[in-house]
Amino acid sequence: MHVSTAFNFSKKLEERGLLEFSKKESDKRNTYIQLTDKGEAILLDLMEHYEPSNNSVFSGALPLRDLYGKFPEFMELMTVIRKIYGEDFMDIFERSFHHIEEEFTEEDGKLVKKDKENHHETISNS
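Remember, it's a predicted structure, so these values are computed and weren't measured experimentally.

## Quick word on the overall build of the chain
Assigned secondary structure in the chain consists of five helices and four strands. Order of helices (α) and strands (β) in the chain, N terminus to C terminus: α-β-β-α-α-α-α-β-β. When each of the 126 residues of the chain is scored for burial, the buried share is 13%. Taking the contacts inside the chain whose residues are at least 6 apart along the sequence as the reference set, 15% of them involve residues at least 24 apart.

## Digging into the pattern of salt bridges
The final tally for this structure, using the stated rule, is seven salt bridges. Among the salt bridges present, the one from E14 reaches K11, with a minimum N-O distance of 2.8 Å. In this pair, E14 and K11 both sit in helix α1 (residues 3–15), three residues apart, roughly one turn of the helix. The salt bridge involving K70 is made with E73; its shortest N-O contact spans 3.6 Å. Judged by relative accessible area, K70 falls into the partly exposed class, the value being 44%. Taking relative accessible area as the criterion, E73 reaches 47% and is therefore assigned partly exposed. Salt bridges sharing partners connect three or more residues here, namely R82, E87 and E94.

## Some points on the packing of aromatic side chains
Any aromatic ring pair is given by two values, namely how distant the centres are and how the planes are angled relative to each other. Taken as a whole, this structure holds three aromatic pairs when the rule is applied. Arranged with centres 5.0 Å apart and planes meeting at 35°, the rings of Y85 and F89 form a pair that is tilted. Judged by relative accessible area, Y85 falls into the exposed class, the value being 54%. Between F89 and F93, the aromatic rings sit 6.0 Å apart at their centres with planes inclined by 20°, giving stacked as the arrangement. On the criterion of helical spacing, the pair formed by F89 and F93 is a turn pair, its members being four residues apart in helix α5 (residues 87–103). By relative accessible area, which is 35% here, F89 ends up partly exposed. Three or more aromatic residues link up through ring pairs in this structure, and these residues are Y85, F89 and F93.

## Notes on a nonpolar patch on the surface
On the surface, V80, I84, Y85 and F89 cluster together into a nonpolar patch covering about 420 Å² of accessible area. By residue number, the principal contributor to the nonpolar patch is helix α4 (residues 74–85), which donates three residues. For I84, the location among the structural elements is in helix α4.

## Here we look at the confidence of the model for the chain
In this model, the chain carries an average pLDDT of 80, and 90% of its residues clear a pLDDT of 70 or more. Mean pLDDT across the elements of the chain bottoms out in strand β4 (residues 110–113) (75) and peaks in strand β1 (residues 19–24) (90). Confidence drops under a pLDDT of 50 for residues 117–126, and excluding neighbours within four residues, the segment shows 19 contacts in the predicted structure.

Parameters at a glance
Residues numbered from 1 in each chain as written. Predicted model: local features only at pLDDT ≥ 70, side-chain atom pairs only at ≥ 80, totals over all residues. Heavy atoms only, no water. Helix = DSSP H or I, 4+ residues; strand = E, 2+ residues; numbered from the N terminus. Buried < 20%, exposed > 50% of the residue type's maximum accessible area, 1.4 Å probe, protein only. Contact = heavy atoms within 4.5 Å. Salt bridge = Lys/Arg side-chain N within 4 Å of Asp/Glu carboxyl O. Phe/Tyr/Trp six-rings, centres within 6.5 Å; stacked < 30°, edge-to-face > 60°. Patch = residues over 30% accessible without salt bridge, like charges linked within 9 Å, V, L, I, M, F, W, Y side chains within 5 Å. Areas by Shrake-Rupley, 256 points an atom, 1.4 Å probe, with all protein chains shown as cover. pLDDT = per-residue confidence, 0-100.

Rendered as structure tokens:
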């Protein structure tokens, strides 16, 4: 997706209260985005109710599973995605996953946000 498209889409999410924009005092060239509590609750709800069979990557990998008896390894998929979308996309993708791993943990089959004092807190959707 072109940068201007991503920015315009992000602005719409900001208007809905799902994202916040910020800049560092020391470097105004980059704009940073962060999920709001409302945006985070939606993300967690989506992940909890995620249906892999409705996902194009999952569907695209089904013929390989049928042929070889298993899904391709994650690194194999990453190689294909890197070839299609390029290094910049992969850098963003990998940073996003790293951030998710730092901020969340799995508990009883659900994704919960880590709390610095209590190690985690459950996000409610109410």
